[in-house]
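Chain by chain, the residues run as shown.
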2 protein chains.
Amino acid sequence: MKASIIAVGSEMLGPTRLDTNSLKITAAFEDFGVTVVRKSVVGDVLRDLVDEIRYCLDHSDLLVITGGLGPTEDDMTRDALVEAFGLQMEIDQSIVDRIEARFKARGWKMPEVNKRQANVFRGQTTLRNERGTAPGFFLAAKGKDIWVFPGVPHELEWMIETYLVPWLQQKRGGRARQRRVLKIAGMTESGVEEKLKPYYDAHNHEPLTILATSGTIELHLIADGSDAQSVIAGREKELVTIFGDKIYGYDGDSLESVIGRLLLEHQATVSVAESCTGGLLASRITDVPGSSGYFMGGAVTYTADSKMFIAGVDPALIQQFGEVSEQVAVDLAKGVRRRFHTTYGIGVTGIAGPGGGTEPKPVGTVHIAVADSDRYEHRKLFWPTTRSLFKWFATNSALDLLRLYLTRAH
Amino acid sequence: MKASIIAVGSEMLGPTRLDTNSLKITAAFEDFGVTVVRKSVVGDVLRDLVDEIRYCLDHSDLLVITGGLGPTEDDMTRDALVEAFGLQMEIDQSIVDRIEARFKARGWKMPEVNKRQANVFRGQTTLRNERGTAPGFFLAAKGKDIWVFPGVPHELEWMIETYLVPWLQQKRGGRARQRRVLKIAGMTESGVEEKLKPYYDAHNHEPLTILATSGTIELHLIADGSDAQSVIAGREKELVTIFGDKIYGYDGDSLESVIGRLLLEHQATVSVAESCTGGLLASRITDVPGSSGYFMGGAVTYTADSKMFIAGVDPALIQQFGEVSEQVAVDLAKGVRRRFHTTYGIGVTGIAGPGGGTEPKPVGTVHIAVADSDRYEHRKLFWPTTRSLFKWFATNSALDLLRLYLTRAH
């Protein structure tokens with residue numbers, strides 16, 4: 001079963017507003033194994049909307065339209081359906097009565113234009129709207145199923161739960177789709193793709209969605225039907241064999257939530273001393289509820305001075321190797337864990353840019369170290385990109401280095 | 001001139017991701033008076049994409065496609081254009097060389113699949129991508145103009161500025177639309193709305209877009225035509241009279257860039273000691289290029305201990321008033337500026353939640369202080385919301401307090 005979604009409204013074709021309604025609709029569809037093949041936004045222009053409806057019905061069995069149901073002349077979803085289908089409309093007096101009552105309850109008189117909202121198609125199922133004046137409706141015509149909902153988000157949400165989900169339940173015989181997301185750190189998208197070749201070959205190129213997102217990679221496994229769960233479990237096992245401990249988590253996990261879980265499991269604590277990431281590492285760690293149980297604090301050491309007096313770095317190391325060096329990263333990690341009395345310390349030093357680069361140490365260079373009481377690990381990385389992405393990628397690496405340190409050491 | 005936009009990627013047809021790229025494109029179009037008639041999202045399915053391209057070209061003169069340009073087999077924008085247009089492709093060796101060099105610079109070998117990204121159409125204008133491996137391209141064929149950009153947001157942004165805007169400028173003869181954004185901190189949307197009543201009445205309810213975004217409010221003034229600039233200047237003057245120093249900036253300004261500018265103007269420096277914001281305050285300050293010129297560093301003092309030994313807070317104050325108190329916030333601000341030898345110090349202490357609240361100090365409570373050598377200011381705020389919004393709003397307030405301190409003191 002293929003579905004399309006149309007959001008109607010010229011305001012969503014400008015630079016300030018997105019159609020967010022379609023997320024709620026796709027979520028419902030996904031749960032019941034309905035594939036959304038396209039979604040679109042069109043303005044309040046009759047001709048465009050008529051064409052769009054026709055095009056969608058050529059490419060799907062199920063169409064959801066949101067918006068364009070209000071009382072004003074801008075609202076032309078009904079008119080467009082008349083033209084696209086050649087159906088007749090009539091006034092439904094019970095809708096007029098309900099809208100009138102709604103206005104009356106607030107002490108207002110119903111404006112004449114609101115009567116437009118009582119125009120119905122013969123054979124439609126009118127969908128009462130408990131959260132607003134515009135009712136929605138359902139039409140089955142020419143072998144297609146068409147749902148039309150108001151565009152106001154909290155009205156739409158209520159309608160999805162009240163009408164669309166029960167219909168899908170009945171039509172599709174219960175929830176069908178299972179999803180599992182595997183999350184990978186420390187690899188590029190093409191590196192992941194390369195490693196997946198034997199997997200693709202073994203499974204006849206059955207789809208596996210690869211998503212590169214903020215410097216990490218997600219593998220989305222999806223399966224439908226009654227054996228979906230066991231199919232996914234099998235695939236997951238294979239992927240774990242391929243990627244090993246490059247997989248840092250599943251589903252809702254983030255690097256910061258995973259290191260939080262590991263630290264709690266090990267009854268360990270951490271502190272950070274960061275320069276080029278400017279506080280983002282501490283901020284990401286503290287995005288996790290309960291992080292005060294294992295995160296004791298950090299220092300943002302933006303100057304050589306503060307690396308020494310706040311994080312206890314040996315001035316001789318800065319003198320000899322420079323602020324951006326393996327030695328200083330390691331000493332930051334060691335120094336901060338002593339200062340904050342934590343099990344682990346993380347040190348980060350680098351050049352975010354755009355200024356400050358030199359030939360031996362260009363913009364994008366970063367040294368990351370993790371230390372405990374008797375050893376340390378270090379990584380040198382190079383991310384010549386924008387300042388904010390540099391910060392994000394460098395903190396990914398720092399979190400991932402701690403994760404690997406924790407998993408491999410125990 | 002009518003335009004359509006297609007975003008390619010099955011991940012945007014699920015419940016987790018929106019196409020946000022189209023906002024940047026519609027903004028560029030709006031500036032030059034190009035009307036966007038539709039935008040759509042289609043999955044990585046060749047047949048669907050071919051049809052979509054054809055449909056768009058039937059309904060517009062100008063088409064922008066984002067995404068589907070990566071190296072993997074999922075990426076089929078090029079193949080779809082071949083089929084929709086019946087054009088021929090060939091390998092551009094200079095693109096292969098550039099991608100290879102990019103991988104080499106990081107010490108990696110280019111995966112074989114990346115060669116797909118060097119397939120070009122005869123007659124296309126290849127758009128070099130300084131921010132990633134996938135180049136974009138421009139095609140003029142059959143009376144239509146087609147722009148194809150990578151879907152990665154920061155790559156796309158760069159390409160819009162570098163290629164699309166200059167082309168529109170030339171094609172459309174300069175900007176048709178003038179836009180001015182005024183940014184307000186420390187007020188709610190309804191508070192702003194209330195204050196705007198006389199303005200609306202004076203201007204016959206002429207539209208003014210109010211956008212609430214991440215705890216600040218934007219007022220968008222828009223005008224078309226030859227006198228647009230003077231109309232906007234007049235309106236702006238009125239709005240400045242209404243909102244005074246609640247207006248923290250204009251257009252591309254952010255709170256962090258504004259305090260950076262002010263600190264540089266005053267040849268002043270700042271350091272921060274933050275607990276509940278967990279490093280986000282330092283991170284936002286260091287998001288600004290050149291912030292090392294005025295930001296000396298910070299401490300994330302997540303424990304009572306670290307408030308004392310890192311930021312020099314008097315233990316007696318913690319004992320008497322508790323960690324979350326005006327007194328401790330002020331002592332954090334004073335202590336951190338002494339430790340980092342800065343002109344100003346900011347102290348933040350509060351309860352982000354979900355745990356840790358008490359009846360006199362519920363989740364959402366935050367104390368913020370700014371101090372210099374001889375005085376300080378303090379604000380107590382209450383944001384009972386999600387952890388990440390709490391952190392964001394609290395850092396907004398801290399940055400805004402420093403801004404007002406700097407502007408009012410001089």
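Residues numbered from 1 in each chain as written. Chains lettered and ligands numbered in written order. Predicted model: local features only at pLDDT ≥ 70, side-chain atom pairs only at ≥ 80, totals over all residues.

Chemist: Even after reading the chapter, I still don't get the environment of arginine 102 of chain A, so can you show me in this structure?
Modeler: All names here are of chain A. Structurally, the position occupied by arginine 102 is in helix H4 (residues 93-105). Using a count of 15 C-beta atoms within 10 Å as the deciding quantity, one classes arginine 102 as partly exposed. Sequence-wise, arginine 102 and glutamate 265 are 163 residues apart; in three dimensions their C-alpha atoms are separated by 56 Å. (Helix = DSSP H or I, 4+ residues; strand = E, 2+ residues; numbered from the N terminus. Buried ≥ 20, exposed ≤ 12 C-beta atoms within 10 Å, placed from the backbone.)

Chemist: What exactly am I supposed to notice about helix H4 (residues 93-105) of chain B here?
Modeler: Every α-helix winds through 3.6 residues per turn, so residues three or four apart in the chain are directed the same way. A rise of 1.5 Å per residue sets the reference length of H4 of chain B, with its 13 residues, at 18 Å; its end C-alpha atoms lie 18 Å apart and thus fit the reference within 8%. Glycine 107 of chain B occupies a position one or two residues after H4 of chain B and carries a positive phi of about 80°. (Expected span 1.5 Å × (residues − 1).)

Chemist: Help me understand the sheet that holds strand E11 (residues 216-223) of chain A, please; the structure alone is not making it clear to me.
Modeler: The strands making up a sheet associate through backbone hydrogen bonding, with each pair oriented either parallel or antiparallel. All names here are of chain A. The strand order across the open sheet built from four strands is E10-E11-E9-E12, with neighbouring strands paired in antiparallel fashion. Looking at strand neighbours, the two that pair on one side only are strand E10 (209-213) and strand E12 (247-250), the edges of this open sheet. Sheet twist, expressed as the mean angle between neighbouring strand axes with direction ignored, is 25°. Relative to E12, strand E9 (residues 178-184) is paired through three bridges, and the arrangement is antiparallel. The residue bridging isoleucine 184 from the neighbouring strand is isoleucine 247, located in E12. Sitting on the sheet, helix H6 (residues 189-202) is in contact with E9, E10 and E11, with an inclination near 160° to E10. (Pairing = 2+ DSSP bridges. Axes fitted to C-alpha atoms, helices over the stretch in contact; angles between N-to-C directions. Contact = placed C-beta atoms within 7 Å.)

Chemist: Help me out: how do you make sense of the domain arrangement of chain A in this one?
Modeler: By a frequent convention, interface size equals the accessible area lost on bringing the separate parts together. According to the domain assignment, chain A contains domain 1 (2-172), domain 2 (178-250) and domain 3 (255-409). For domain 1 of chain A versus domain 3 of chain A, the separation of C-alpha centres amounts to 52 Å. (Domains from an automatic or database assignment.)

Chemist: Which parts of the structure should I look at to understand the interface of chain A and chain B?
Modeler: With 60 residues of chain A in contact, the opposing surface of chain B contributes 62 residues. Looking at the side of chain A that touches chain B, the elements with two or more residues in it are helix H1 (21-31), strand E2 (35-42), helix H2 (46-59), H6, E10, helix H9 (280-285), strand E14 (295-301) and helix H13 (387-409) of chain A. Each residue belonging to the side of chain A that touches chain B can be placed in one class, and the counts come to 25 nonpolar, 24 polar and 11 charged. In this structure, E14 of chain A lies alongside strand E14 (residues 295-301) of chain B, joined through five bridges in antiparallel fashion. Looking at the pairing, glycine 298 of chain A lines up with valine 300 of chain B of E14 of chain B. (Nonpolar A, V, L, I, M, F, W, Y, C, P; charged D, E, K, R; others polar.)

Chemist: Even after reading the chapter, I still don't get the sheet that holds strand E12 (residues 247-250) of chain B, so can you show me in this structure?
Modeler: Residue and element names in this part refer to chain B. Read from one edge to the other, the open sheet built from four strands follows the order E10-E11-E9-E12, with strand pairing classed as antiparallel. Looking at the sheet topology across the chains shown, the edges are occupied by strand E10 (209-213) and E12. Each adjacent strand pair in this sheet contributes to an overall mean axis angle of 25°, direction not counted. Here strand E9 (residues 177-184) runs beside strand E11 (residues 216-224); their pairing, made up of eight bridges, is antiparallel. Considered in E11, the bridge of isoleucine 184 is made with isoleucine 217.

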